[in-house]
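Structure at a glance
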Amino acid sequence: MRQHILVVDDDDKITSLLRRSLAFEGYEVTTANNGLEGLKQMLSNDPDLLIVDVMMPQVDGWEVVRRVREGGSSVPVLMLTAKDEIQDRVRGLDLGADDYLVKPFALEELLARTRALLRRKSEKLEDGGARLQFEDLKLDLDSREANRSGRRIELTAKEFDLLQLFMQNPRRVLTRDSIMDKIWGFDYSGESNVLEVYIAMLRQKTEDGTGSRLIQTVRGTGYVLRGEGG
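Everything numeric in this text was worked out from a predicted model, so none of it was measured.

1. Observations regarding the sheet that holds strand S9 (residues 151–153)
Read across the open sheet, the four strands follow the order S6-S7-S8-S9; overall the sheet is antiparallel. Whereas interior strands pair on both sides, the edge strands pair on one side only; in this sheet they are strand S6 (131–134) and S9. Going from strand to strand, the sheet's axes swing by 25° on average, the running direction of each strand aside. Here strand S7 (residues 137–140) runs beside strand S8 (residues 145–148); their pairing, made up of four bridges, is antiparallel. What sits directly across from Asp 140, in S8, is Glu 145. Sitting on the sheet, helix H6 (residues 157–167) touches S6, S7 and S8, and the angle it makes with S7 is about 115°.

Right under this line is the structure:
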C-alpha cells in the first residue's frame, strides 16, 4: 500500500505541482483547496502526512492543525506559508505542526522534508512495537514476522534486520557501505559479496515468483526500497 499524502492549499498551481511531483515519487495524493474540505478529507482518508497552507479563506491552516490535533490525530504535519515571521512559525509549531516551509520553496527541499517526516513516523511506530508497511509488504517488529499480501515469509535474523532497514527508509537510496555498517557492523569490502547474496535471498522470498520487485538496485551506489512504478 502506498503512503498517502493530503495536500490542502487554495493555490491551484501549488496543489497541481505537488500532486504531480508527489505521485511521481510513488505516493498516493489527495488534494483539497480549502480548510473545510481538507478536514473532511482527513476524516475520510486518514492520510500518512498532511501538507497544509496557512493562508486560506474560511478555515486557515492554523485552525486545520488545531482541529486535527484536538481530534486526536498524530498525523505528521508540514505547514506551507508565505509568512516568514518567527511568531508565525512558533504559532504553527505550538498548535502541533511538525515542520514549516516558507513559500516560495524548492521542490527538492519539500520532497526531502516529506521523506523525513514519513521516516520519523515509521521510527515512532517501531518504538511502540508496531508494524512497518510498504505497499503490500508488512513487518511485525514484535514477533519479527513478515508477510506479503497475506503470505507469510520465513526470514533468518539477518534477513529480517536487512528488510527492516529498507522499510524504515522507503524510497531512500542506501549505499553498500551504510548497509554493511548497520547490519554487519563493518565497512563494505569490494571483495565480499555477502550483501548481494542476502539481497538475492530477500528478493526471492518477498517476490516468490508472483510479487513485483521492491528492492531495486541503484548501479554504482547501493539499493533502494521502491515499487517498480517509482
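2. As for empty space enclosed by the protein
Rolled over the atoms, a probe with the dimensions of a water molecule shows which regions are left empty. All told, the structure shown has one cavity of 30 Å³ or more when counted by the stated rule. Considering the residues around the largest cavity, the lining is formed by Gln 3, Tyr 27, Arg 115, Leu 118, Arg 119, Asn 169, Pro 170 and Arg 172. In terms of residue class, the lining of the largest cavity is made up of three nonpolar, two polar and three charged. Shared between two domains, the lining of the largest cavity holds at least three residues of each, these being domain 1 (4–123) and domain 2 (131–225).

3. Describing the packing of helix H7 (residues 176–183) against helix H8 (residues 194–207)
One way to put it is that H7 packs onto H8 with a least axis distance of 11 Å and a crossing angle of 85°. On the basis of their axis angle, the class for H7 and H8 is roughly perpendicular. Where H7 approaches H8, its residues Arg 176, Ile 179 and Met 180 are matched on the opposing element by Val 194, Leu 195 and Glu 196. For the contact of H7 with H8, the per-class residue count stands at four nonpolar, no polar and two charged.

4. A few points about the packing of helix H2 (residues 35–45) against helix H3 (residues 61–70)
The interhelical angle for the contact between H2 and H3, taken along N-to-C directions, is 25°, at an axis separation of 10 Å. If you check the angle between H2 and H3, you find them roughly parallel. Like other packed secondary-structure pairs, H2 and H3 cross with a definite hand, here right-handed. Packed against H2, whose contacting residues are Gly 35, Leu 36, Leu 39 and Met 42, the element H3 presents Val 64, Arg 67 and Val 68 at the interface. Taken together, the residues of the contact of H2 with H3 sort by class into five nonpolar, one polar and one charged.

5. Structural notes on the pattern of salt bridges
Following the criterion strictly, the structure yields 16 salt bridges and no others. Across the pair Glu 70 and Arg 66 runs a salt bridge whose closest N-O atoms are separated by 2.7 Å. With a gap of four residues between them, Glu 70 and Arg 66 both fall in helix H3, about one helical turn apart. Overall, the relative accessible area of 60% leaves Glu 70 in the exposed class. For Arg 66, a relative accessible area of 29% translates into the label partly exposed. A salt bridge links Arg 152 to Glu 145; the nearest nitrogen and oxygen atoms lie 3.3 Å apart. A network of salt bridges, in which partner residues are shared, links Glu 63, Arg 66, Arg 67 and Glu 70.

6. Considerations on the UniProt feature "modified residue: 4-aspartylphosphate" (unreviewed entry) in the chain
Using the residue numbers shown here, the UniProt feature "modified residue: 4-aspartylphosphate" (unreviewed entry) corresponds to Asp 53. Its place among the elements puts Asp 53 in strand S3 (residues 49–53). Apart from the residues lying within four places of it in its own chain, the contact partners of Asp 53 are Val 8, Asp 9, Asp 10, Gly 61, Leu 80, Thr 81 and Lys 103.

7. Digging into the side chain of Glu 207
Structurally, the position occupied by Glu 207 is in helix H8. According to the relative accessible area criterion, Glu 207 is buried, its value standing at 13%. At 2.7 Å, the side chain of Glu 207 and the side chain of Arg 213 are in polar contact. For Glu 207, the contacting residues outside a window of four places in its chain are Arg 148, Arg 151, Ser 212 and Arg 213.

8. Things to note about the environment of Asp 48
Position of Asp 48 among the secondary structure elements: in the loop between H2 and S3. Residue classification places Asp 48 among the partly exposed positions, given a relative accessible area of 21%. The spacing of Asp 48 and Leu 141 is 93 residues in sequence and 19 Å in space, taken between C-alpha atoms.

Rules behind the numbers
- Residues numbered from 1 in each chain as written.
- Predicted model: local features only at pLDDT ≥ 70, side-chain atom pairs only at ≥ 80, totals over all residues.
- Heavy atoms only, no water.
- Pairing = 2+ DSSP bridges.
- Helix = DSSP H or I, 4+ residues; strand = E, 2+ residues; numbered from the N terminus.
- Axes fitted to C-alpha atoms, helices over the stretch in contact; angles between N-to-C directions.
- Contact = heavy atoms within 4.5 Å.
- 1 Å grid on protein atoms, 1.4 Å probe; cavity = no way out; pocket = protein on both sides within 12 Å on 5 of 7 lines; lining within 4 Å.
- Points joined across faces, edges and corners; volume = space filled by probe spheres on them.
- Nonpolar A, V, L, I, M, F, W, Y, C, P; charged D, E, K, R; others polar.
- Domains from an automatic or database assignment.
- Parallel < 35°, antiparallel > 145°, perpendicular 65-115°, else oblique.
- Left-handed = near helix turned anticlockwise from the far one by under 90°.
- Salt bridge = Lys/Arg side-chain N within 4 Å of Asp/Glu carboxyl O.
- Buried < 20%, exposed > 50% of the residue type's maximum accessible area, 1.4 Å probe, protein only.
- UniProt positions renumbered as here; feature names shortened; annotations may be inferred.
- Polar contact = N/O pair within 3.5 Å; in protein donor to acceptor, adjacent residues only side chain to side chain.

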